[in-house]
Structures are given as structure tokens and as C-alpha cells.
Amino acid sequence: MLYVAIYTTQFLVTASMGVIFAYLADLQDRYGLGFWELGLVASAGFVAGLAAQLLLSPLVDRGRHRLVAWVSVTAAVLGAYGFVFAEATWSLVLSRALAGLAFGLFGLVARKALIGRDISGSGAKVGGLLSCAVAGFISGPAIGAALSGVSFEAPFLFTGTLMALLGPIAAVLISKSPIAVAAVDYSHLASLLRRPRVQAAICVHVGVFGLIGIFDATVDRYLTDIGLSSNELAVGLLIIGIPLMALPPYTGALAERLGGGRVAVPALALFVPAVLFYGWIGGLWTFILVGLAEAVTESYGEMGAQVLVLEATGAEQAAMGTGVLEAVGLTVAAGAAFGGPPLYGYLGPRWLFGGWAAVCLVLCITAMFRLKTVKITSKIAKVSH
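For the structure given in this document, a descriptive report is provided here. (Residues numbered from 1 in each chain as written. Predicted model: local features only at pLDDT ≥ 70, side-chain atom pairs only at ≥ 80, totals over all residues. Heavy atoms only, no water.)

1. Notes on the overall build of the protein
Thought 1: Broken down by element type, the protein carries 16 helices and zero strands.
Thought 2: The C-alpha atoms of the protein give 20 Å as radius of gyration, which agrees with the globular expectation for 385 residues (21 Å, within 12%).
Thought 3: Overall size of the protein, expressed as C-alpha extent along the three principal axes, is 70 × 45 × 35 Å.
Thought 4: Buried residues in the protein amount to 58% of all 385 residues.
Thought 5: Considering only residue pairs separated by 6 or more positions, the protein has 88% of its internal contacts joining residues 24 or more positions apart.
Thought 6: Surface exposure of the protein reaches about 14900 Å², of which carbon and sulfur atoms provide 70%. (Helix = DSSP H or I, 4+ residues; strand = E, 2+ residues; numbered from the N terminus. Rg over C-alpha atoms; globule rule 2.2 N^0.38 Å. Buried < 20%, exposed > 50% of the residue type's maximum accessible area, 1.4 Å probe, protein only. Contact = heavy atoms within 4.5 Å. Areas by Shrake-Rupley, 256 points an atom, 1.4 Å probe, with all protein chains shown as cover.)

Pasting the structure below:
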């Protein structure tokens, strides 16, 4: 019952985010937003998620998961309903921030509840959570397209109401779930960031989340500019999301079996050309082909990074470790989402995505060298014994 409630709620949280994502170009046209204002709306969710991850992840490891679960569910409902009533830039930004807060916090507390008191088998469990998140995100545009004929507000009313009905069930079950508790505080964050495995995981996560920020903030505008309709965008997202819906439980289990680094770093290397080719999309089918290649490499990279962090933290500090990982990723995503629209407007998609592909290549090399440090340290430890 716990798994069903968590996975369903994760689906709804990200479905609400997906509806907003598909409406960014509509929001720009409906409210006459400039590219910088669109960047503010797009990045607000990432900024809110970042703040929540940093401030509240230690509380989860200390056993305050009940509070965090209820805050996340409440924010999800308010964020969805906020878009029903928002009319000005500030209210759009606030609603987006509430949705981002829910996204960041629910994933944090859900992972902790799924892991429980032992990280064994956590790769597949956390992978299932990612699968549901992706399923929700790519379903959002389809929900928006299906209900947009009723009214602009209908998709947000729909997702908000479902969250209000089903979210509290997940919050109650998470509150009752057994978790590993540790006496951690904010001073432990610095020591986590010094661990080579965590640093390598961050490199991979930054590469992926930077693309997510750019993609989230610009792809609706980009695909609209090359002549795709909202329905074609929804279909394309549904198809390219299939690998991210299907693969994470298996890629997570593979990373747990082989080691997170052996999965994450090669995946990031293969991620680079996929990012590059996003700048050369000419229509629906090229969008689908490039998107499928990117989604496959992302599923391996993301789960490899998650397992790398769990290898470093164990179950006791899992919330703080994954919180740090998500917070860094969200920081980059927020910056990418804020800067993406104006850079798209000034430079075009080829320079925008090509530039990020170059950044990902540097991150891949850095991650490889950080993991070599772990191997060298392990060899020295064996010799000393």
C-alpha cells in the first residue's frame, strides 16, 4: 500500500508540473510575458525546490518525515490551484514556486520512506519513483491538451483536485513508515560534499538537470516556432518519455549491482551527443529520435548518480545525501531555466544546446577523475592493512 500511494502521488505531483510546462508558451502569449518574465516563471519551481531540499533534508534524516510529507502535499494542491486564479507575473511565479516546492520535498521524503532502514534493493525502489515522476511529467501535456477545450483553468483544477483527494493518503502512510534515523545537522552537508562519490554524482546530476532546465523553459517555444502544435508536443513527449518510464527500476538495480560509477559516467558520455542534437530538431520525428536517445542515457545516468550517493551515505543519511544532490541539480536547473529563454531568443537553439553539450563533456571528465580518487584511496587502504 505504501508503494502504491507514494508512486501515485509522485505521478500527480509531476503531472501538475507537466501541465505548467506545456502551457509556458500559452502563458507567455496569454499574459504578454517577456522572455525574462517567462524565465522567472520557469525557474521559480527549481529555486523553491532547491531551498526546500537544503533546509529540510536534515529534518527527514532526524525523523521529521511526517512534517515534510504534509508540507509537500499541501504545496502541490496550492500550486495547482494557484494557476486557476493567477493573472499577474508575481502570482504565476508564486504558483510555480509552490509546485516546485512540492516536487522537491515529496521526492525527498518518498525516497527516505522507500529506502527504509537498509539501502539493499534501493536502486530498483528509487528507480520506480523516477519512472512514476517521468510518467506524470509527460502525462501533464496530454492532460492539458485533453482539457484545454473546456477552459484554460480546467487542467489545473483537475490535477489539484486529484492531489487533494489522494495526496493525504500518501502523507499518512509515509508518516507511519519505518526509516533509518541519524543525528545529523547542517554541518554534515559540507562533509558530504567532500566525498568523491558524491562529487561524481553531482557532476552527472548537474549535466542532466541543466538540460532539464533548458528543456523545460524553451522546448514549448522552440517546437511552436518550428510549427509543431500542442497535440504534437504532447505526443512527442509521451513517446520520448517511454525509456524514462520503463528503464529506471532496471538501471537502478544494475547500478546497485555494478557500482554507481560504472553506470553513471559512461551514461553521461553518451548523453553529450544527444544534448548537442537537440539544437538541430526540424520536426516531430527528429524531436522523437533525439529525445529517445537522450532519455535512455538519462535513465542510466540518473540512477547511477542516485546509487553513488547512497553508496556514500547509507540509509541513515539518505535524505540529506539525495537532498544535496537534488539541491545542486535544482540550482543549475533554475539558472538554466532562467537563462534559457533569453539565450534561445538571442542565440537560437543550436548554440544553446551545443553549449550545454560542451559543459556536459567537461562534467563527464571531472566525474571520471573523482572516481579514480576513490579507487586510489581504496588501494592505499588495502596496502596499509
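2. Describing helix α10 (residues 230–240)
Thought 1: Regarding α10, the residues found buried are L233, A234, G236, L237 and I240. Viewed along the axis of α10, the buried residues span an arc of 165°, placing them on a single side of the element. (Arc of directions from axis to C-beta.)

3. Describing the environment of K125
Thought 1: Relative to the elements of secondary structure, K125 occurs in helix α6 (residues 122–147).
Thought 2: Spatially, the C-alpha atom of K125 lies 21 Å from that of S139, the residues being 14 residues apart in sequence.
Thought 3: Apart from the residues within four sequence positions on either side, K125 is in contact with Y3, Y7, L114, I115 and S120.
Thought 4: A distance of 3.5 Å separates the side chain of K125 from the backbone oxygen of L114, its partner in a polar contact. (Polar contact = N/O pair within 3.5 Å; in protein donor to acceptor, adjacent residues only side chain to side chain.)

4. Overview of the packing of helix α13 (residues 260–277) against helix α14 (residues 284–313)
Thought 1: Orientation of α13 relative to α14, taken along the N-to-C sense of each, is 150°, at an axis distance of 7 Å. In terms of axis orientation, α13 runs roughly antiparallel to α14. Crossing angle aside, the handedness with which α13 passes α14 is left-handed. Contacts between α13 and α14 involve G260, G261, V263, A264, A267, L270, F271, A274 and F277 from the first element and V290, A293, E294, T297, E298, Y300, G301, G304, A305, V307, L308 and E311 from the second.
Thought 2: Of the residues contributing to the contact of α13 with α14, the split by class is 13 nonpolar, five polar and three charged. (Axes fitted to C-alpha atoms, helices over the stretch in contact; angles between N-to-C directions. Parallel < 35°, antiparallel > 145°, perpendicular 65-115°, else oblique. Left-handed = near helix turned anticlockwise from the far one by under 90°. Nonpolar A, V, L, I, M, F, W, Y, C, P; charged D, E, K, R; others polar.)

5. A word on the packing of aromatic side chains
Thought 1: Throughout the structure, instances matching the rule amount to six aromatic pairs.
Thought 2: Ring centres of Y222 and Y344 lie 5.8 Å apart, and the angle between their planes is 50°; this geometry places the pair in the tilted category. Of this pair, Y222 sits in helix α9 (residues 196–225) while Y344 sits in helix α15 (residues 318–347); the two residues are 122 residues apart in sequence, bridging distant segments of the chain. Both residues of the pair, Y222 and Y344, count as buried. (Phe/Tyr/Trp six-rings, centres within 6.5 Å; stacked < 30°, edge-to-face > 60°.)

6. Here we look at the packing of α10 against α14
Thought 1: Across the interface, α10 lies against α14 with an axial gap of 8 Å and an inter-helix angle of 30°. Classified by the angle between their axes, α10 and α14 sit roughly parallel to one another. Seen along the crossing, α10 lies across α14 with a hand that is right-handed. Here α10 contributes E232, G236, L237, I239 and I240 to the contact with α14, which in turn contributes L284, F287, I288, G291, L292 and A295.
Thought 2: Partitioning the contact of α10 with α14 into residue classes produces eight nonpolar, two polar and one charged.

7. A few points about empty space enclosed by the protein
Thought 1: Evaluated as defined, the whole model comprises one cavity of 30 Å³ or more.
Thought 2: Taken as a whole, the largest cavity holds about 720 Å³ of empty space.
Thought 3: Every residue lining the largest cavity is counted, 35 residues in all, and those nearest its centre are F103, L130, V134, I212 and E298.
Thought 4: Put simply, the parts of the chain that give the lining of the largest cavity at least two residues each are α1 (2–22), α3 (35–61), α5 (89–115), α6, α9, α10 and α14.
Thought 5: The class makeup of the residues in the lining of the largest cavity is 21 nonpolar, eight polar and six charged. (1 Å grid on protein atoms, 1.4 Å probe; cavity = no way out; pocket = protein on both sides within 12 Å on 5 of 7 lines; lining within 4 Å. Points joined across faces, edges and corners; volume = space filled by probe spheres on them.)

8. Some remarks on a nonpolar patch on the surface
Thought 1: On the surface, a cluster of nonpolar side chains totalling about 810 Å² of accessible area is made up of W36, L40, F338, L343, Y346, L347 and W351.
Thought 2: Sorting elements by how many residues they give to the nonpolar patch places α15 first, with four residues.
Thought 3: For W36, the position within the fold is in helix α3. (Patch = residues over 30% accessible without salt bridge, like charges linked within 9 Å, V, L, I, M, F, W, Y side chains within 5 Å. Salt bridge = Lys/Arg side-chain N within 4 Å of Asp/Glu carboxyl O.)

9. Concerning the side chain of T297
Thought 1: Within the secondary structure layout, T297 lies in helix α14.
Thought 2: Among the polar contacts listed, one links the side chain of T297 to the backbone oxygen of E294, at a separation of 2.9 Å.

10. Here we look at the state of the cysteines
Thought 1: Throughout the structure, instances matching the rule amount to zero disulfides.
Thought 2: Left without a disulfide partner, C203 is nearest to the cysteine sulfur of C364, which lies 9.1 Å away.
Thought 3: Using a relative accessible area of 9% as the deciding quantity, one classes C203 as buried.
Thought 4: Considering cysteine sulfurs only, C364 is the nearest to C360, which forms no disulfide, with 9.1 Å between them.
Thought 5: In this structure C360 comes out as buried when scored by relative accessible area, which is 0%. (Disulfide = S-S within 2.5 Å.)

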